[in-house]
Amino acid sequence: MRRTSRDNGFHGEPIEKIELDESNVRRRVIVVILALLIAGVSIGYGISQLTKSNKGWNVIQVNSSSQVNSGVEFTFSYYLGLDGSPTAERKALTLLYSRLCEEAYQTYDIYNDHDGLHNLCYINEHPNEMITVSDKLYQSLKLINDHQDRHMFLGPIYELYSGVLYADSDTSARVFDPLYSDEYRQLYDEILPYVNDPESISIELVGNDQVRLNVSADYISFCQKNDLHHYLDLNWMRNAFVADYIADELIANGYTHGRISSIDGYARVLGEYEFEYYMFDYVNGERFQVGNLNHEAANAYVMLKSFPLNDRDYDYHIYEDGSVRTAHLRLEDGLSVETDARDYIGYSSQLGCAEVLMNVIPAYFSDPLSRIEDSRIWYVYINDSTVYYSNPADETMQTYETYQRRYVSN
């Protein structure tokens, strides 16, 4: 049969029938198979290189398939390869760290119930009921109770003040700011007597991980009337407890070659490593590094500050006039604390973040130079171009050249 083309200006030659050499076909098939094998090996090698971990410091991230968790607020760095294969260790750490970030988030979550977990949300929804909680949550509430700190009872105030901290403009912030709004000032004045009255609200701990949130009928009625839902809220204190939750479990599972730090200044060191902890100041609307602490033995660091530490440290509103609103609210009036310490750091080689925090709160909210009762805690704070420190060993700290260092006895 002869093939022809349409008359488009080209007339092809008659097609010649050619006999194929079957040996050439076999060779081509073999070549294709070899090419596919090489491609497969190359792809496999490429994937293995992507998933392979090198010995040394690596950032461990939460598994992408995880549920909502605390990982977005933390950075976990670990020295891989000291106890075996870095790749195998990374895989195991990722699984464990992901689980811990999920558990910690769910435990201290005030917004959602999680598969029957008796977390802070559940406690808020069941006042005046005896509830069995996890040992982690029980110990957290016990620590706060032992220190007689009532900031967690500012839940309704935190709920209202979020309108200030997360406002997208000064105009919106002023609507909720009791320093500008008479309506909200009056509402705060009605809430605070409940917050500061143990007869109106308290946490009762009876052992065996059983707790009861005691709330008076009058306070319950008031909150319902004003559409307020959170009697309890750890708020700006929460990540101190989350850091301890994650770090203690990592150590218990044998992982002691790393460090974990939150976006808002809480940090735990998992082993005896030198750790650089940066100090900051905030002047004329600018945040900058003042210096750093270098420690080999410190276990926990807590930073309380009057400015956002980074772009993800979002519990702040800065007005155009430069005034800053923080989540550190005072019990007496519900307003942002005004302190001489722009950056206050407490640290310890023996205690966790939460216990350090409970010990430094009184000083931060009143007088930064006041004595901290627990001798296992050292502090550093920054004010007016001066770095004050209570640990004689910090004499060697590095500071910006225009800043003076001053030792203060604890």
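It should be noted that the structure appears before, not after, this text.
Residues numbered from 1 in each chain as written. Predicted model: local features only at pLDDT ≥ 70, side-chain atom pairs only at ≥ 80, totals over all residues. Heavy atoms only, no water.

### Focus: the packing of helix α2 (residues 86–107) against helix α9 (residues 238–252)
Reasoning step 1: Packing of α2 against α9 brings their axes to within 9 Å, and their N-to-C directions diverge by 145°. Classified by chirality, the crossing of α9 by α2 is right-handed. Along its contact with α2, which presents L93, L96, Y97, L100, C101, E103, A104 and T107, the element α9 presents V242, Y245, I246, E249 and L250.
Reasoning step 2: In terms of residue class, the contact of α2 with α9 is built from 10 nonpolar, 1 polar and 2 charged. (Axes fitted to C-alpha atoms, helices over the stretch in contact; angles between N-to-C directions. Helix = DSSP H or I, 4+ residues; strand = E, 2+ residues; numbered from the N terminus. Left-handed = near helix turned anticlockwise from the far one by under 90°. Contact = heavy atoms within 4.5 Å. Nonpolar A, V, L, I, M, F, W, Y, C, P; charged D, E, K, R; others polar.)

### A short note on unusual backbone geometry
Glycine aside, the phi torsion of most residues is negative, and most peptide linkages are trans.
Reasoning step 1: With a phi angle near 55°, Q148 is a residue other than glycine that sits in the positive phi range.
Reasoning step 2: With respect to the helices, strands and loops of the structure, Q148 is situated in the loop between α4 (135–146) and α5 (155–165).
Reasoning step 3: Owing to a relative accessible area of 69%, Q148 belongs among the exposed residues under this scheme.
Reasoning step 4: Unusually for a residue other than glycine, N208 sits at a positive phi of about 55°.
Reasoning step 5: Mapped onto the fold, N208 is located in the loop between β4 (201–207) and β5 (210–215). (Buried < 20%, exposed > 50% of the residue type's maximum accessible area, 1.4 Å probe, protein only.)

### Overview of the pairing of strand β6 (residues 258–262)
Reasoning step 1: Alternating residues of β6 divide into G258, I260 and S262, all buried, and R259 and S261, none buried.
Reasoning step 2: Alignment of strand β2 (residues 74–80) against β6, held across 5 bridges, turns out to be antiparallel. Note that in β6 the partner of F76 across the bridge is I260.
Reasoning step 3: The hairpin formed by β6 and strand β7 (residues 267–269) contains 4 residues between the paired strands, and G265 there has a positive phi angle of roughly 110°. (Pairing = 2+ DSSP bridges.)

### Regarding the sheet that holds β5
Reasoning step 1: Judged by pairing direction, the sheet is antiparallel, and its 3 strands sit side by side in the order β3-β5-β4 without closing on themselves. Only two strands of the sheet have a single neighbouring strand rather than two, namely β3 (130–132) and β4. Sheet twist, expressed as the average angle between the axes of neighbouring strands with direction ignored, equals 30°.
Reasoning step 2: Strands in contact with α4 are β4 and β5; relative to β4, the strand with the most contacts, it is inclined by about 120°.

### So, the pattern of salt bridges
Reasoning step 1: All told, the structure shown has 15 salt bridges when counted by the stated rule.
Reasoning step 2: Residues R268 and D244 are paired through a salt bridge, measuring 2.8 Å at the closest nitrogen-oxygen approach. Here the residue R268 occupies a position in strand β7, and D244 occupies one in helix α9, the gap between them amounting to 24 residues. Comparing R268 with D244 shows no difference in burial state: the two are buried.
Reasoning step 3: Ionic pairing is found between D333 and R330, a salt bridge with its closest N-O pair at 2.6 Å.
Reasoning step 4: Taking relative accessible area as the criterion, D333 reaches 17% and is therefore assigned buried.
Reasoning step 5: Because the salt bridges share partners, they merge into one network encompassing D244, D248 and R268. (Salt bridge = Lys/Arg side-chain N within 4 Å of Asp/Glu carboxyl O.)

### Here we look at the packing of helix α7 (residues 182–195) against helix α8 (residues 217–225)
Reasoning step 1: Where α7 contacts α8, the two axes come as close as 11 Å, and the packing angle between them is 150°. When the axes of α7 and α8 are compared, the pair comes out roughly antiparallel. Between α7 and α8 lies a crossing whose hand is left-handed. Taken together, the residues of α8 that come into contact with α7 (itself represented by L187, E190, I191, Y194 and V195) are D218, Y219 and F222.
Reasoning step 2: Residue composition of the contact of α7 with α8, by class: 6 nonpolar, no polar and 2 charged. (Parallel < 35°, antiparallel > 145°, perpendicular 65-115°, else oblique.)

### Notes on α7
Reasoning step 1: In this model, α7 (14 residues) spans 20 Å end to end at C-alpha, consistent with the 20 Å of a helix rising 1.5 Å per residue.
Reasoning step 2: Of all the positions in α7, only Y184, R185, L187, Y188, I191, L192, Y194 and V195 are classed as buried.
Reasoning step 3: Contacts from the buried residues of α7 go to α5, α6 (170–176), β4 and α8. (Expected span 1.5 Å × (residues − 1).)

### Focus: the sheet that holds β6
Working definition: the strands of a sheet are paired by backbone hydrogen bonds and lie parallel or antiparallel to each other.
Reasoning step 1: Taken together, the 9 strands give an open sheet; going across it, the order is β1-β2-β6-β7-β10-β13-β14-β15-β17, and neighbouring strands pair in mixed fashion. Each edge of the sheet is formed by a strand with only one pairing partner; in this case those strands are β1 (56–60) and β17 (404–407). For this sheet, the mean angle separating the axes of adjacent strands, direction not counted, is 15°.
Reasoning step 2: Two strands pair when backbone bridges link them, and strand β13 (residues 343–348) and strand β14 (residues 377–383) are joined in this way by 6 bridges, in the antiparallel orientation. Considered in β14, the bridge of S348 is made with I377.
Reasoning step 3: Contacting β1, β2 and β6, α2 crosses the sheet at an angle of about 150° to β2.

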